[in-house]
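Residue-level listing of the chains:
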Amino acid sequence: MTTNGTASAASAPEDAGNDYLEMDLLRFTTAGSVDDGKSTLIGRLLYDTKSIFQDQMEAVEEASRTRGMTDDDDVPNLALLTDGLRAEREQGITIDVAYRYFATPKRKFIIADTPGHVQYTRNMVTGASTADLAVILIDASRGVQTQSKRHGFIAALLGIPHLVICVNKMDLVDYSEEVFEDIMDEYTDFAAKLDAKDLTFIPVSALRGDNVVDRSPNMTWYEGSTLLHHLETVNVAADKNLRDFRFPVQTVIRPNQQFRGFAGTVASGVVRPGDEVMALPAGTKSTVKEVTTFQGDLNEARAGEAVVVTLADEIDVSRGDMLVRTGNTPTVGTSIEAMMCWMSEEPLAKDRHYLLRHTTREVKAFVDDIRYRVDVDTLHREQVENLELNDIGRVLVSTASPLFFDRYSLNKETGAFVLIDPYSNTTVAAGMIRGEGQDADKVAAEAQRLSMGERPQSENVVWEGLNIPREEREAKQTHKAAAVWFTGLSGSGKTTVAREVERQLFERGIKTMLLDGDQVRHGLCGDLGFSQSDRSENIRRVGEVARLFFESGAVTFCTFVSPYRDNRDWVRHLFPEDRFFEVFVDVDLETARERDPKGLYAKVDAGEIDNFTGVDAPYEAPENPEITLQTAGLSVEESAAEVIRQLEEAGIVPAA
Amino acid sequence: MATVETTYRDSHLRALEAEAIYVMREVAAQFERPVLLFSGGKDSIVMTHLARKAFHPGKIPFPLLHVDTGHNFEETITFRDWLVEELGVRLEVASVQDAIDKGRVVEETGPEASRNGLQIVPLLDAIQEHQFDAAFGGGRRDEEKARAKERFFSHRDRFGQWDPKNQRPELWSLYNGHKNVGEHFRVFPLSNWTEMDVWQYIALEDIAIPSLYFAHEREVFTRRGTILAKTDFITLLPGEELRTQTVRFRTIGDATCTGAVDSQASTLPEIIQEVAAARETERGGRHDDKRSEAAMEDRKKQGYF
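All values derive from a computational prediction rather than experimental measurement.

Asker: Explain the confidence of the model for chain A here, please?
Answerer: Should pLDDT be low for a region, the predicted coordinates there are not to be read in detail. All names here are of chain A. This prediction gives chain A a mean pLDDT of 85; 87% of its residues lie at or above 70. When the criterion is pLDDT under 50, residues 1-17 qualifies, and its contacts beyond four places in sequence or with other chains add up to 33 contacts. For residues 447-461, every residue scores under 50 in pLDDT, and the model assigns this stretch 42 contacts once sequence neighbours within four places are set aside.

Shown next, in the form of structure tokens:
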């Protein structure tokens, strides 16, 4: 200790029994009512992990006695531990989100404890917004209730990746395995509609302590984890988006003329010195000079880290702007489709403006249209004029200046927003972006397009975190990676030309791969037919496979009829702008029919095949293909030469 | 500059640190005249450390405000002045003694008189006088039931009051600092920290703290189960006897009501072990919380920290 009344750490933290340095953090939410035994469950977790201090326990015992709320066999009422404000104590219910803390040697836990009734939907949404995991309670004696479904819906809406269904009060059903399994089956069916990724079911009795912290001797048939063990071991690190670098600037730090740093927390992705970045909205490009902190410069910063970034060039960047990678940008726009939860007593008004806060940016906004409201209990969509307190609906929002956003399902940080009433200053709504604003017809058509899956609509995604990044592979080869997508009618010559191109490049030592429609139909896509949705899924899978070959450094050829423009554009979005080549193999139907290399047109004419592209199913020709081949007037060699010439010109392969 | 090791980057302490820094930067960006309420206790010391990190290599862009009850441990003031010098920040002092002298508040009388409740008026006066629009507090949600529902950005009306029934929803990391003229915010960057987290972080970051936190010999007596230090500001009741004991403080506040604990923990690792084994909450040592079950909620409504 020093003489001025201060003392610093007497010894280095290494000596401090430093297990805690290896602990990570899990934030989870609980939803449920007093009836489900939610407060008892949390009380049990705190009690059995010895997270309750003696004075708190004494206070609860005292309160249990004076209010006569003790359980039958004199267990103190654990629910009282988590019961906060006076109004709630008087009514005996939880009415706001309350945060609780406990830790084990493995993890620190933050519980966002929320009430479960429909009139507290906004509280559940709030609690769910920061959670990695949701604990949903089902009372075993009452089975799956509307409320348990609502909780699942909200958890899925808020993009919580892990759901744990605690089937509670097992003591009331004689610890019956059958009851547990029936509930599990029913809820699994329901959850299939929700796009819930990771479902875990645990039979517990919070009151008796079965399977909460300690394994239950009453349910030997159950072989899974206890609740606590599951919470301690569930992998949440993988949930972070480390692909798409997004850095919303919070404030500019400028202590002197020499230093100009942009302070913020990396919303997603990774940033390293030397990365080429772009500042939005200006679109100005520069290079990251340093990623710095109080402790010194970092060689990289990942999602969730608070840092200061400096750039090599003096470009104009201020609060509310966003730094992104040049090859991987969010959508920039003033019109968004979103799911929104209304949180104010005063209903949504379409004729007045709100302030929309998104990342570190705040803009004026109007809600132009309410597409529908979701009944949170039946999941039915209803046409409504208005959103009121606790309503959840799909809306179209326009903003006065552009937002830089991603879909919430891909990136919570850049997909979430709140609305603020500029008169009362309160937060009135929470929104989750679904995509760019669309006209009403498109929204109706969306259901169909969903057959493509809720996959990246973000442009030109750069994959990060690969063991060997593509750039490194490319540096060791003589050529770059690319995807060359041949589209055209059956019999147009796609495969013939692509095979020739591949052969010639292969002879030159270029790493290549060719994916052909017939091949994948036998294996990868053997389960698919030829309906529009199956065709879409076929193309989606091929796109993803092509992407893998691309990342391995190959020039990848794909030959697919791929009649729908939307599908092809979707594949295009998987690749950097200058690495995707759409080759339109243009031939008229008559020529193709004449060639008929596989005898397919003959079968169509014989009525053996329906839905044949060009005959009784549409072909949407590319609008701006990189390469067009009029194969009616060209030989195979000439066509191949044209494709190779274009690849050389684009710098993908060296000139022969 | 050296490239730092990134060993502990995924730990809970780094996550809490990043969250607090984010909150501090939001305040600096959203408000015109923020201030950091500095009590001299470990939580406010940790806040100054986080503020230093948040704005590095710039200086901390707001002053500290100490609400001085006049009933301080000497070590607290020595430490405060040293830290202010070290950080190069401005210090404002709101004095309870001044408020008493001006007749703004009336001092409690009797042997159990405490100035803790009297801090509210000088605090609100200082906020008004300096037109502070956001005041950082070291409050943590784990400290007390009423705090479990507190927001990071906690709105206070023109009378400095908190309305627990009318709090703004707070989602993701989107903090709403909009307010009318004359209103202000209390902001709690350490909301999600526990006492253990604070101690672990102090050890991890090697943060200097006042010697009161480490076990030392002191003249003390026991009042209603709380070990209080002998000071010039406290009168013994009949039956209370002074003794010399090795104690340390788990919180540092007004010397008349901050309880000590019997402890031999004289290093941070020992303190961490002691906290891990503790059977009483930190505030359990605060004499003033025992007055009623809803004591904290009442004081918060009035504008307490």
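Asker: What's the story with the side chain of S492(A) in this structure? I'm lost.
Answerer: Residues and elements named next belong to chain A. Inspection of the secondary structure assignment puts S492 in the loop between β25 (482-487) and α11 (494-507). The exposure class assigned to S492 is buried, which follows from its relative accessible area of 1%. A distance of 2.8 Å separates the side chain of S492 from the backbone oxygen of L489, its partner in a polar contact. Once you skip the residues sitting within four places of it in the chain, S492 turns out to touch V585, V587, R595 and T631.

Asker: Mind showing me how you'd approach the pairing of strand β23 (residues 416-420) of chain A here?
Answerer: Each regular strand carries side chains that alternate between the two faces of the sheet. Residue and element names in this part refer to chain A. Burial analysis of β23 places five of its five residues in the buried class, the great majority of the element. On β23, burial covers both faces: A416, V418 and I420 on one face and F417 and L419 on the other are all buried. The sheet contact formed by strand β19 (residues 354-358) and β23 spans four bridges and is antiparallel. Paired with H358 across the strands is F417, a residue of β23. Strand direction decides the pairing type here: β23 and strand β24 (residues 427-436), joined by five bridges, are antiparallel. Along β24, the bridge assignment pairs A416 with M432. With antiparallel pairing between neighbouring strands as the criterion, β23 and β24 make up a hairpin whose turn holds six residues, including N425 at a positive phi of roughly 70 degrees.

Asker: So what exactly am I meant to see when it comes to the sheet that holds strand β3 (residues 91-95) of chain B here?
Answerer: Where strands meet in a sheet, backbone hydrogen bonds hold them as pairs that are either parallel or antiparallel. All names here are of chain B. A sheet is described by the order of its strands in space; here six strands give the open sequence β3-β2-β1-β4-β6-β5, paired in mixed fashion. Among the strands making up the open sheet, the edge pair consists of β3 and β5 (153-156). Averaged over all pairs of adjacent strands, the angle between their axes in this sheet comes to 30 degrees, without regard to strand direction. By the bridge criterion, two bridges tie strand β1 (residues 34-37) to strand β2 (residues 64-68) in an arrangement that is parallel. By the bridge assignment for β2, L36 is matched with L64. Packing against the sheet, helix α1 (residues 12-30) makes contact with β1, β4 (134-136), β5 and β6 (184-187), and its axis sits at approximately 40 degrees to β5. Taken strand by strand, helix α3 (residues 74-87) contacts β2 and β3, and its axis lies near 150 degrees from that of β3.

Asker: Please explain the sheet that holds β25(A) as it appears in this structure.
Answerer: Residue and element names in this part refer to chain A. Taken together, the five strands give an open sheet; going across it, the order is β26-β27-β25-β28-β29, and neighbouring strands pair in parallel fashion. Unpaired on one side and paired on the other, β26 (512-516) and β29 (627-630) mark the two borders of the sheet. Taking the axes of each pair of neighbouring strands and ignoring which way they run, one obtains an average angle of 15 degrees across the sheet. Pairing analysis gives five bridges linking β25 to strand β28 (residues 580-586), with the strands arranged parallel. What sits directly across from A483, in β28, is F580. The sheet contacts of α11 involve β25, β26, β27 (555-559), β28 and β29, and relative to β26 the element is tilted by about 165 degrees. Each of β25, β27, β28 and β29 touches helix α17 (residues 636-649); the most contacted strand, β29, lies at about 170 degrees to it.

Asker: Please explain the packing of aromatic side chains as it appears in this structure.
Answerer: The geometry of an aromatic ring pair is captured by the separation of the ring centres together with the interplanar angle, meaning the angle of the planes. Taken as a whole, this structure holds 28 aromatic pairs over all chains when the rule is applied. Between W199(B) and Y213(B), the ring centres sit 5.5 Å apart and the planes meet at 85 degrees, which makes this aromatic pair edge-to-face. Of this pair, W199(B) sits in helix α6 (residues 195-205) while Y213(B) sits in the loop between β7 (209-210) and β8 (216-223), placing them 14 residues apart in sequence. The two residues W199(B) and Y213(B) agree in class, both being buried. The structure contains a cluster of three or more aromatic residues connected by ring pairs, namely Y22(B), F31(B), F152(B), F153(B), Y175(B) and F185(B). The ring of Y99(A) is capped by R141(B), whose NZ or CZ atom sits 3.9 Å from the centre of that ring.

Asker: Explain the environment of P422(A) to me, please; I cannot follow it from the model alone.
Answerer: All names here are of chain A. Position of P422 relative to the elements: it lies in the loop between β23 and β24. For P422, a relative accessible area of 23% corresponds to the partly exposed category. Taking C-alpha positions, P422 is 9.4 Å from K364, a pair spaced 58 residues apart along the chain. Each residue touching P422, except ones within four places of it in the same chain, is listed here: R352, H353, Y354 and L355.

Asker: It is not clear to me how the packing of helix α2 (residues 42-55) of chain B against α3(B) should be interpreted in this structure. Could you clarify?
Answerer: Helix-helix packing is described using two parameters, namely the angle between the two axes and the distance between the axes. Residues and elements named next belong to chain B. Here α2 crosses α3 at 0 degrees, and the two axes come no closer than 12 Å. It follows from the interaxial angle that α2 and α3 lie roughly parallel. The residues of α3 that touch α2, namely those facing I45, T48 and R52, are F79, L83, E86 and L87. Partitioned by chemical class, the residues of the contact of α2 with α3 number four nonpolar, one polar and two charged.

Asker: How do you make sense of the environment of N567(A) when you look at a structure like this?
Answerer: Within the fold, N567(A) resides in helix α14 (residues 565-572). A sequence separation of 27 residues divides N567(A) from R540(A), and the C-alpha atoms of the two residues are 7.4 Å apart.

Asker: Please clarify how the confidence of the model for chain B should be interpreted in this entry.
Answerer: Residues and elements named next belong to chain B. Overall, the predicted model of chain B reaches an average pLDDT of 86, with 88% of residues at or above 70. Contacts of residues 1-7 to residues separated by more than four positions or lying in other chains number 14 contacts, the stretch itself having pLDDT below 50. A low-confidence stretch, residues 290-294 (pLDDT under 50), is modelled with twelve contacts involving residues beyond four sequence positions or located in other chains.

Asker: Would you explain the packing of α6(B) against helix α7 (residues 268-277) of chain B in this entry?
Answerer: Residue and element names in this part refer to chain B. Direction vectors running N to C along α6 and α7 enclose 165 degrees, while the axes themselves pass 10 Å from each other. In terms of orientation, α6 lies roughly antiparallel with respect to α7. With respect to the hand of their crossing, α6 and α7 are arranged in left-handed fashion. Taken together, the residues of α7 that come into contact with α6 (itself represented by E195, M196, W199, Q200, I202 and A203) are L268, I271, I272, V275 and A276. Across the contact of α6 with α7, the residue classes break down as nine nonpolar, one polar and one charged.

Asker: Explain the pattern of salt bridges here, please?
Answerer: Tallying each qualifying case throughout the model produces 59 salt bridges over all chains. In this structure, R645(A) and E649(A) form a salt bridge, with 2.9 Å as the shortest nitrogen-oxygen distance. Residue R645(A) and its partner E649(A) are both found in helix α17; the two are separated by four residues, about one turn of the helix. By relative accessible area, which is 37% here, R645(A) ends up partly exposed. Note that R156(B) is salt-bridged to E150(B), the shortest N-O span being 3.3 Å. The exposure classification of R156(B) matches that of E150(B), with both residues buried. Taken together, the salt bridges that share partners define one network made up of R470(A), E474(A), R547(A), E551(A) and R579(A).

Asker: Honestly, α6(B) in this entry has me stumped. Any pointers?
Answerer: Along an α-helix, a turn takes 3.6 residues, which lines up residues three or four apart on a common side. The element α6(B) is largely enclosed, with a buried count of ten among its eleven residues. When we look at burial in α6(B), the residues that qualify are E195(B), D197(B), V198(B), W199(B), Q200(B), Y201(B), I202(B), A203(B), L204(B) and E205(B). At its buried positions, α6(B) is contacted by β4 (107-115) of chain A together with α1, α2, β7, β10 (243-249) and α7 of chain B. The first or second residue beyond α6(B) is D206(B), which carries a positive phi of 55 degrees.

Asker: How should I be thinking about the pairing of strand β22 (residues 392-405) of chain A in this particular structure?
Answerer: Residues and elements named next belong to chain A. Counting buried positions along β22 gives ten out of 14 residues, so the element sits mostly inside the fold. Examined bridge by bridge, strand β18 (residues 331-342) and β22 share ten bridges and lie antiparallel to one another. Paired with M340 across the strands is G393, a residue of β22. In the sheet, strand β20 (residues 361-374) pairs with β22 via eight bridges, with the strands oriented antiparallel.

Asker: I keep staring at the nonpolar core and nothing clicks. Help me out?
Answerer: Generally speaking, a soluble globular protein has its nonpolar side chains buried in company with each other. Counting residues in each nonpolar core, the largest one holds 73 residues, and the members touching the most others are F28(A) and W172(B). With six residues, the single largest contributor to this core is strand β5 (residues 133-139) of chain A. F28(A) has contacts with L45(A), F102(A), F109(A), I110(A), I111(A), A112(A), A131(A), L133(A), V135(A) and L231(A), leaving out every residue within four places of it along the chain. Counting residues in hydrophobic clusters, the runner-up holds 66 residues, among them F79(B), W193(B), I207(B) and L212(B).

About the thresholds
Residues numbered from 1 in each chain as written. Chains lettered and ligands numbered in written order. Predicted model: local features only at pLDDT ≥ 70, side-chain atom pairs only at ≥ 80, totals over all residues. Heavy atoms only, no water. pLDDT = per-residue confidence, 0-100. Contact = heavy atoms within 4.5 Å. Helix = DSSP H or I, 4+ residues; strand = E, 2+ residues; numbered from the N terminus. Buried < 20%, exposed > 50% of the residue type's maximum accessible area, 1.4 Å probe, protein only. Polar contact = N/O pair within 3.5 Å; in protein donor to acceptor, adjacent residues only side chain to side chain. Pairing = 2+ DSSP bridges. Axes fitted to C-alpha atoms, helices over the stretch in contact; angles between N-to-C directions. Phe/Tyr/Trp six-rings, centres within 6.5 Å; stacked < 30°, edge-to-face > 60°. Lys NZ or Arg CZ within 6 Å of the ring centre and 35° of its normal. Parallel < 35°, antiparallel > 145°, perpendicular 65-115°, else oblique. Nonpolar A, V, L, I, M, F, W, Y, C, P; charged D, E, K, R; others polar. Left-handed = near helix turned anticlockwise from the far one by under 90°. Salt bridge = Lys/Arg side-chain N within 4 Å of Asp/Glu carboxyl O. Core = buried A, V, L, I, M, F, W, Y, C linked by side-chain atoms within 4.5 Å.

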